[in-house]
Every structure is written in C-alpha cells, then in structure tokens.
Amino acid sequence: MKTLTSESIKKLLKTEAIGGIIYSFEEVGSTNEVASELARNGAPEGTVIIADSQSKGKGRLQRRWISPPGVNLYMSVIFRPAIAAKDAPLLTLVASIALAETIKGKEPDTLIKWPNDILVKGKKVAGVLTGMQPIGNKVDFVIVGIGVNINMTREMMEREMGEVSEIATSLREALGYDIKREKFASDLIEELEIWYHKFLKEGKPRIIKEWMERWGAINRRVLVRFDGKVIEGIASRIDENGHLLVKKDDGTTEKIIAGDVIPL
Ligand code: BTN
C-alpha cells in the first residue's frame, strides 16, 4: 500500500500561496489538531497538513470521521485572513466550493449539501470541518479540515462505517476506477487557492452566490433536525453568515446554525 507523501503532492503543484509547506504523516490523531498546534506556534498561511490515516478523525457535530490508511484524503490547511472573526465560517463555504469544483472535473453529478458536505450521485463523498482562533474580534488563524473518501470500496465502507455507509460513497465507487490521491490533493489545493483569492478580492456576496449555485437543496422541501427539534419547510437560501433559512408552512422562517438536513 502506497502512503500519501508531501513530496508526491508538491511535484504536481502549481500554486504558491497554499501548499508552499506541506507536512505529511503516516498517522495522526486528527490533522486539524496538528494544524492548530502548528498555527499556535506560528506556522504561516497556506501550510498544509496531510495524514495517511487518523486515529481520532473528527467530523461535524462531534461525530467521528472514519480515516483508514492508504485510501482517502485527510487534509488541513492553515489560513490567516485579515477578516472579522464572525466571518471565519465563510472559509468553510470557500472549501466546499473548491471541493465541488475538484470533484466536478471527474463527475458532473456533484452538489453541496448544507452546510459543507459534498454529495456525488446523491451520497456523501467529502466533508469540511473548520476551526477558528480569534484575536480580539479578528481572526488569528482558521483551520480548514477536509476529508474525502477516495478509493474506499463498498465492502470497506460497510465494514468501517456500519449503517452510515448507506448514505456514503467514495470517488472510486462513483466513477468505477481508482483515483491517484496525490493528483486529487494537488488539484484540490489549486482550487482552494483560486477560491480563497476570490473570497479575499470579491468578498462574501460572491462566495454565497457561488455556493448557492452548487447547492442541491435550493427551493427543495426538507426536514431539518437541530437543537433537539425537527422542522419541515422549503430550503430557501443561506444568509451572509452561512446559516440555513427554511421557510415553514406557517409562513415563518427558521434560521438553522447547525443541524442535519434531509431532502423530502
Ligand atoms: C464532516 O463531518 O462532514 C466533516 C469531516 C471533516 C473530516 C476532516 S479529515 C481531515 C480533518 N481532520 C479531522 O479530524 N477532520 C477533518
């Protein structure tokens, strides 16, 4: 089994700002934790951390991110944008757009599922988990963690994920062939650089618009589980903070900050 290394990715990279420094590890607890530690010790913007496997991969809503060796991508990137701390979640949207673009190059049936899942042929192939360290009301650093199921087989997903595997897929399963992980990683870093610079130059409205254009649930009826509640309604848009707005049948709108959305 071939390990994913920083050299193999760097050889393919054409970017300068992101991926100038890449740390690769055979196994870590979580690349997001390694990235936070490096950032606290002054690592510059654009530093990338990848691991071939994670023993404590973290997902959204305190879930685990299944991270077996040799098959997937587990990557975290350190950003230090000069923006207000309250705008840091925008980087999650930036990363989802970059991921969607990278995957769309291989499979057109690629959509974003709020808040930051990537679906291929209707099943989850990738997710983004962002962490932020503020300094006053500004950002000190943001860690954008990205997990992509690349070459996992169906049997492997069933074994590793149990019943969650029913709503999960991998690029290999969707496309029918193995993907070179170093090429996928370098393509993704290049997309991240493009979309991060669009965000810095053109700001929030452009990113929100681009995100909504790739969103699978726009104007669709959805069921949402959040804060111990369950509601139904029409997913109308995301607001300037990336929160989901759902129009309920009684005409009122519910703002969802964190939760699970099921299309009906
Ligand atoms: C989700 O729940 O959809 C977000 C998953 C994010 C997983 C990635 S893998 C690399 C980075 N390190 C982690 O521990 N989590 C993120």
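A short tour of the structure in this document, coming up. (Residues numbered from 1 in each chain as written. Predicted model: local features only at pLDDT ≥ 70, side-chain atom pairs only at ≥ 80, totals over all residues. Heavy atoms only, no water.)

1. Section: the environment of Asn151
Within the fold, Asn151 resides in the loop between strand E7 (138-148) and helix H4 (154-161). Note: C-alpha distance between Asn151 and Tyr177 (26 residues apart in sequence) is 8.3 Å. At 2.8 Å, the side chain of Asn151 and the backbone oxygen of Ile179 are in polar contact. (Helix = DSSP H or I, 4+ residues; strand = E, 2+ residues; numbered from the N terminus. Polar contact = N/O pair within 3.5 Å; in protein donor to acceptor, adjacent residues only side chain to side chain.)

2. Let's talk about helix H2 (residues 31-40)
Along an α-helix, residues three or four apart share an orientation, since each turn contains 3.6 residues. When H2 is considered as a whole, its buried residues turn out to be Thr31, Asn32, Ala35, Ser36 and Ala39. One side of H2 holds all its buried residues, which, seen down the axis, span an arc of 140°. Elements that come into contact with the buried residues of H2 comprise strand E1 (22-28), strand E2 (48-54), strand E3 (73-79), strand E6 (123-135) and E7. For H2, the N-terminal cap is Ser30; the gap from its side-chain oxygen to the backbone nitrogen of Asn32 is 3.2 Å. Positive backbone phi, at 100°, marks Gly42, one or two positions downstream of H2. (Buried < 20%, exposed > 50% of the residue type's maximum accessible area, 1.4 Å probe, protein only. Arc of directions from axis to C-beta. Contact = heavy atoms within 4.5 Å.)

3. Concerning the sheet that holds strand E12 (residues 260-263)
Taken in spatial order, the five strands of this open sheet run E11-E10-E9-E8-E12, and their pairing is antiparallel. Looking at strand neighbours, the two that pair on one side only are strand E11 (253-256) and E12, the edges of this open sheet. Ignoring strand direction, the axes of neighbouring strands in this sheet form an average angle of 45°. When strand E8 (residues 221-226) meets E12, the two strands line up antiparallel, connected through four bridges. Note on E12: the bridge partner recorded for Arg225 is Asp260. (Pairing = 2+ DSSP bridges. Axes fitted to C-alpha atoms, helices over the stretch in contact; angles between N-to-C directions.)

4. Concerning the pairing of strand E5 (residues 117-120)
Both faces of E5 are covered, namely the face carrying Asp117 and Leu119 and the face carrying Ile118 and Val120. Of the pairings in the sheet, the one linking strand E4 (residues 110-113) to E5 comprises four bridges and is antiparallel in character. Bridged to Thr110 within E5 is Val120. In the sheet, E5 pairs with E6 via four bridges, with the strands oriented antiparallel. In the strand pairing of E6, Ile118 is matched with Ala126. The turn linking E5 back onto E6 is made up of two residues, and Lys121 within it adopts a positive phi angle of 50°.

5. Overview of unusual backbone geometry
Omega for the bond connecting Trp114 with Pro115 falls within 30 degrees of zero, at 0°, which places this linkage in the cis form. You will see that Gln62, though not glycine, has its phi angle at about 60°, which is positive. Along the polypeptide, Gln62 turns up in the loop between E2 and E3. By relative accessible area, Gln62 is classed as exposed at 81%. Here the phi dihedral of Lys121 falls at roughly 50°; this positive angle occurs in a residue that is not glycine. Within the secondary structure layout, Lys121 lies in the loop between E5 and E6.

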